[in-house]
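Listed here are the chains, written in short residue letters.
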Amino acid sequence: MARYDVLILGGGASGCALAGRLSENHDRSVCLVEAGPDYGHLSEGRWPADILDPRWLALESHLWERADEEDRSQARARVLGGCSAHNACVILEGAPADYEWGAGWSYESFAPYLKRAAETLQTHVLPDDELTPWHRAFRQAGGDDSIVHPVNIVDGVRWHSGFAYVDPARGRGNLTILADTLVDRVLLEDGRAVGALADGRELQAAVVVVSASAYGSPAILLRSGIGPEGDVAQLPVGEGLVDHVGVGAAWEPTERLVAETSAHEAEHGLYMGQVTVAARSRSCPPGTRDVFVFPALDIGPEISGAAFAMKPRSRGSVRLTAPEPEAPLAIDHGFLCDERDTEVLVEAFERLRDLAESDEVRPYRGAELRPGAEIGAEEHVRATARGFFHPVGTCAIGSVLDERCRVLGFENLYVVDASAIPEIPSANTNLTTVALAERASEWL
Ligand SMILES: Cc1cc2nc3c(=O)[nH]c(=O)nc-3n(C[C@H](O)[C@H](O)[C@H](O)COP(=O)(O)OP(=O)(O)OC[C@H]3O[C@@H](n4cnc5c(N)ncnc54)[C@H](O)[C@@H]3O)c2cc1C
């Protein structure tokens, strides 16, 4: 039977970072288990084009469940690299106040890991001349509130965690990658993790780290008997799900936008995520920004943008629908169940409309097609609020985990991924998640 020092369950943004860092110690055997495929080192040329292409979200392939066109809030990737392999490559850290997560956690203590993660992901800021006309117009209209995104794109390739962390480690004899291998549950004996059951095989380990995302990790713990009504341990696993919540708008593109965009594309290529306008709502907590406006470049019959509430208070849950690991999960985001989120999102959407009215943006857009000028902001928000693909908090530090990401009551069982994040940062979540893995790899 296979036995390792560390078993990492889930090879996504965080799992790849853990595998890369932990295997740097050649005396430690590490096994990374991923349900989706691994296409090998980038230089082997086997990665599918949509996963490599950072211009658009790769939402047509490698999904756990088929994304519903009307509501893609639950979309999640099943491939080495996880959601970092099909995301928008925006690398932002939250505000310092976002990282007060209890004992041992503060921006000061976490900042070195955010920096190390950003460097390893080869993050760089897009030069001004690479901004598309649509993004540049929003950046100018947003003034000091505008952020030009740092991105993890290398030579036109989405630089997901697999390329950043696993590729440099592939030659190491102490790293095993088990791809296309579905984890059922953690094997527990007398209050200790002893391994995992995956595709009917027993894998043994001295330390088990669950890193299967804010959806997948609670599912593994729940199947292992650790949960609100678990027969092994009672912990609020799967509770506390939170994601940024947003709504979109779309306009007719003008001839000028189409002409300038195709000229820009010939020169630079088009990247959908380049600029955010970040602001504070009237009820924003101190020290952070709770409104994001995001112009999206999906030019066709319409040109669009979206507005988000970045410090939502609503909470949802992840539960099992059946004991089998392939069974779809019951994911309830609970969007807008706290009325204060509706108020912030209405303000955010009004800001998006204001920016669209600005002198800088007006030349590029015609009539509002979605939701349409006759629809009020609140009506639109209540009817169409969706997630931002940033779920966190379902195995949170402080309620399910101790401050070192150890499952309470189990000295050698850890959860290290977005599910461990107890307080959603006011920023896209990839960098925070990878930085958490960087930090935890020093404790494991
Ligand atoms: C469409 C989209 C766009 C995004 N854009 C951005 C962006 O531009 N910037 C940003 O900062 N963030 C973005 N994000 C969010 C970011 O990618 C996530 O925060 C990050 O990937 C979370 O990392 P993770 O390790 O927790 O989970 P994931 O990266 O999702 O990795 C989890 C891995 O575990 C595997 N797994 C799950 N269950 C099992 C099991 N039972 N057995 C074996 N393996 C399992 C999965 O297949 C997956 O590979 C986006 C997300 C999505 C979905």
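Bear in mind the structure is a predicted one, so any value in this text is a computation, not a measurement. Sequence positions are assigned chain by chain, starting from 1 and proceeding in written order. For this predicted model, a pLDDT threshold of at least 70 governs which residues receive local features, and a threshold of 80 or more governs which side-chain atom pairs are given and counted, while totals over whole chains, interfaces and linings are taken from all residues. Excluded from the side-chain calculations are hydrogens and water; all other atoms, namely the structure's heavy atoms, are used.

Undergrad: Could you give me a rundown of the pairing of strand β11 (residues 201–210), with the residues and numbers involved?
TA: Strands pair, by our definition, only if DSSP identifies at least two bridges between them. Strands here are runs of E lasting at least two residues and helices are runs of H or I lasting at least four, both read from the DSSP assignment and numbered beginning at the N terminus. In the sheet, strand β1 (residues 3–9) pairs with β11 via 6 bridges, with the strands oriented parallel. By the bridge assignment, Y4 is partnered in β11 with A205. The hairpin formed by strand β10 (residues 192–198) and β11 contains 2 residues between the paired strands, and D199 there has a positive phi angle of roughly 50 degrees. Taken together, the 3 bridges between β11 and strand β23 (residues 413–415) define a ladder with parallel strand orientation. Considered in β23, the bridge of V209 is made with Y414.

Undergrad: Tell me about the site of the ligand, residues and numbers included.
TA: A molecule or strand has a residue near it when one of that residue's heavy atoms lies within 4 Å. Close to the ligand lie 38 residues, the nearest being S14, E34, V90, T429 and N430. Throughout this description, a polar contact denotes any pair of N or O atoms lying within 3.5 Å of each other; where both atoms belong to protein, one of them has to be capable of donating a hydrogen while the other can accept it, and for residues adjacent in sequence the pair is counted only when both atoms sit in side chains. Within the backbone of A13, an N or O atom sits 3.1 Å from an oxygen atom of the ligand. Computed with the Shrake-Rupley method and a 1.4 Å probe, the accessible areas treat only the protein chains shown as cover for residues. For the ligand, the accessible surface in isolation is 1000 Å², of which the surrounding protein chains cover 97%. Counting residues per element, the ones that place at least two in the shell around the ligand are α1 (13–22), α6 (213–223) and α10 (430–440). In terms of residues, the shell around the ligand owes the most to one element, α6, which gives 3 residues.

Undergrad: Residues and numbers for the environment of H41, please.
TA: Relative to the assigned elements, H41 resides in the loop between β2 (30–33) and α2 (49–52). Considering only alpha carbons, one finds H41 and A169, 128 residues apart in sequence, at a separation of 9.9 Å. Discounting chain neighbours no more than four positions away, the residues touching H41 are W47, D167 and R170. At 2.9 Å, the side chain of H41 and the side chain of S43 are in polar contact. Contacts between residues were defined by any pair of non-hydrogen atoms, one from each residue, lying within 4.5 Å.

Undergrad: So what's going on with the domain arrangement of the chain? Which residues, and what values?
TA: Domain delimitation follows an automatic or database domain assignment. When cut into domains, the chain gives domain 1 (3–122 + 154–241 + 389–440) and domain 2 (125–150 + 243–314 + 335–387). A straight line from the C-alpha centre of domain 1 to that of domain 2 covers 29 Å. Counting residues at the interface gives 25 residues for domain 1, matched by 24 residues for domain 2. Buried area, as used here, totals the accessible surface that two parts lose on assembly, with accessibility defined by a 1.4 Å probe and the loss added over both. Summing both sides of the interface, domain 1 and domain 2 together bury roughly 1900 Å²; the carbon and sulfur share of this comes to 56%. We define a salt bridge as a contact between a side-chain nitrogen of Lys or Arg and a carboxyl oxygen of Asp or Glu at a distance within 4 Å. Across the domain 1-domain 2 interface, the total number found is 3 salt bridges. With its nearest N and O atoms 2.9 Å apart, the salt bridge here joins K311 to E423. Counting the contacts that link domain 1 with domain 2 gives 12 residue pairs in polar contact (both at pLDDT 80 or more).

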